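# Structural overview for review
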Amino acid sequence: MAERSIIDQLDDAVAAMAEGRQLDLTSLGPELSALVGVAQDLIGLPRETFKAELQQQLTRRDAMSSPVPQPETNPIRSMTLHICVAGASAAIDFYREAFGAKELMRLTEPDGKIGHAELQIGNTSLSISDEYPDYGTLSPQTIGGSSVKIHLDVSDVDTFVEQAIKAGATLVRPIQDQFYGDRSGQIADPFGYTWIVATHQRDVPVEEMQKELDKWAQEQAAKKANSQTESKHIRENFHTVTPYFTVHRPAELIDFVTQAFGAVEHFRATGSAGGMHAEVLIGDSIVMIGGAEHIEPKPTAIHLYVPDVDQAYERALKAGAKSLMPVADQPYGERSGGVEDSQGNRWYIATPFVPLKTIAADLHTVTVYFHPIGAQRFIDFVTNAFGGKELMRHAEGDMIMHAKVQIGDSVIELGEARYPEQPLPTAIYLYVDDVDAMYEQGLKAGGTSMLAPTDQEYGDRSAWIKDPFDNVWYLAAPAKS
């Protein structure tokens, strides 16, 4: 029988040691004995302490060698808002002051024109550039407005909007708690964009939001129906707020508005006190013109929309008006100028840059413009006296530069008087649903009675109130038979 190899003999020896049997190394021969001795030293290795230490070292090394995600210096975004403005440098300054924006970068041409800039507002980037007409990149000021509204989430919407208004933004919709769980409102920046600014308050299920939306739609339909019913007593082309120009020479004023603004006379008569009363149509609005040499004048300031402001301005000057301000493009989207007629009425005539709409939203062709001393008190009065609803305001510090208040189907505009000649107490014919109730409400709000509710021979029931700013409000409704 052939002698077994040394490898087979070593396997037998190792198996015997694994089973715990004792071996006689002297009987194995010197070579096999040496190998079995080495095997005896290796049995039981590695020790538990060694294995634990090795695992710890390997884990540490793996952690150190594994790549750690690093923020990308130029991350690729799925979507980034890009806006074009007329005056990108000024816009960047505005967004920095109003929104707390941080400028990330800008690319500027030698003449200072910004081809591309990036701002960070909150955790979002905003790209911005100047206009490039040759490439179809135009601002809202150039195209007559933007249909885009930008939604901005902030931690404290009231504080945020207050800061934005101080920096030059205009309040478009007041800040209110909304049915969908946000507290929000809308502001317009000086460059033609509207921002929906919101702070999230609570999560609202979609089903609940739909119910609230349905409820709101029903309320709006009811309001519209009521408004149509209430307005039946207002004659065609008359509005809730109808200016009543009271001047020394009313016939002269009728001639002026006819020549300058294409007005059409509808009615003229002489009253019992010897004064004239006339009704004249300008655009979509009837205005009343009256007075006489012996009647105290009540000149009026009017924001007037015309098809071509440059032509209307020139016609007004030829008809005897003096210039208050030459025609120029305005940052709020209109081309406008101003004149004062020979009777002291001021006409702020305007045409939108691009006639997507020939008249700004909420306004008629003729809109009365007030310049009170104490604009906030005036807003409070018309709100409390006549149920006015503030639509927007633009303020600089504590001074209200421009505001709109809705009364019935009309909007009045106002701005704080900044010059001695600006306050222009006027007369307003105000159509209401209930003269007696509105009369009492006006007195409670601070008005002074000039005529208690009285049925007039021409078919109206009317009352006269002078407000704390010397404006006279002729409240009127059809007399009840």
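What this report covers is the structure whose coordinates are included nearby. (Residues numbered from 1 in each chain as written. Predicted model: local features only at pLDDT ≥ 70, side-chain atom pairs only at ≥ 80, totals over all residues. Heavy atoms only, no water.)

Another point: the side chain of R393. Assignment of secondary structure puts R393 in strand β18 (residues 389-396). Here the side chain of R393 touches Q376 through a polar contact of 2.8 Å, side chain to side chain. A polar contact is formed between the side chain of R393 and the side chain of E390, at a distance of 2.6 Å. When near neighbours in sequence (up to four residues on either side) are disregarded, R393 contacts T170, L171, Q376, I379, I400, H402 and A403. (Helix = DSSP H or I, 4+ residues; strand = E, 2+ residues; numbered from the N terminus. Polar contact = N/O pair within 3.5 Å; in protein donor to acceptor, adjacent residues only side chain to side chain. Contact = heavy atoms within 4.5 Å.)

Before going further, it helps to spend a moment on helix α4 (residues 88-99). Relative to the 16 Å expected for twelve residues at 1.5 Å per residue, α4 spans 15 Å between its end C-alpha atoms, a close match to the ideal helical length. All buried positions along α4 are accounted for by A88, A91, I92, F94, Y95, A98 and F99. Projected onto a plane normal to the axis of α4, the buried residues spread over an arc of 165° and lie on a single side. Where α4 ends, the next residue or the one after it, G100, has phi of about 70°, a positive value. (Expected span 1.5 Å × (residues − 1). Buried < 20%, exposed > 50% of the residue type's maximum accessible area, 1.4 Å probe, protein only. Arc of directions from axis to C-beta.)

This paragraph deals with the pattern of salt bridges. All told, the structure shown has 16 salt bridges when counted by the stated rule. Between K166 and E162 there is a salt bridge whose closest N-O contact spans 3.6 Å. Of this pair, K166 and E162 are both found in helix α6 (residues 157-167), four residues apart, which corresponds to roughly one turn of the helix. Taking the shortest distance from any N to any O, the salt bridge between R202 and E208 comes out at 3.7 Å. Overall, the relative accessible area of 32% leaves E208 in the partly exposed class. (Salt bridge = Lys/Arg side-chain N within 4 Å of Asp/Glu carboxyl O.)

Sheets are built from strands paired through backbone hydrogen bonds, the pairs being either parallel or antiparallel. Here four strands make up an open sheet; going across it, the order is β1-β4-β3-β2 and the pairing mixed. Here the strands that pair on one side only, and so sit at the sheet edges, are β1 (81-84) and β2 (102-108). Between one strand axis and the next, the sheet turns through 20° on average, direction left out of account. One ladder, built from five bridges, connects strand β3 (residues 114-121) with strand β4 (residues 124-129); its direction is antiparallel. Paired with Q120 across the strands is S125, a residue of β4. Contacting β1, β2, β3 and β4, α4 runs over the sheet at an angle of about 5° to β3. (Pairing = 2+ DSSP bridges. Axes fitted to C-alpha atoms, helices over the stretch in contact; angles between N-to-C directions.)

Looking now at the nonpolar core. V257, F261, I282, W347, F386 and W473 are the most contacted members of the largest nonpolar core, which has 56 residues in total. Per-element tally for this core: the top contributor is helix α10 (residues 375-386), with seven residues. Sequence-distant contacts of I282, defined by excluding residues within four places in its chain, comprise V257, F261, A263, V287, L304, W347, T365 and V366. With 34 residues, the next largest nonpolar core counts Y95, A98, I128 and F160 among its residues. (Core = buried A, V, L, I, M, F, W, Y, C linked by side-chain atoms within 4.5 Å.)

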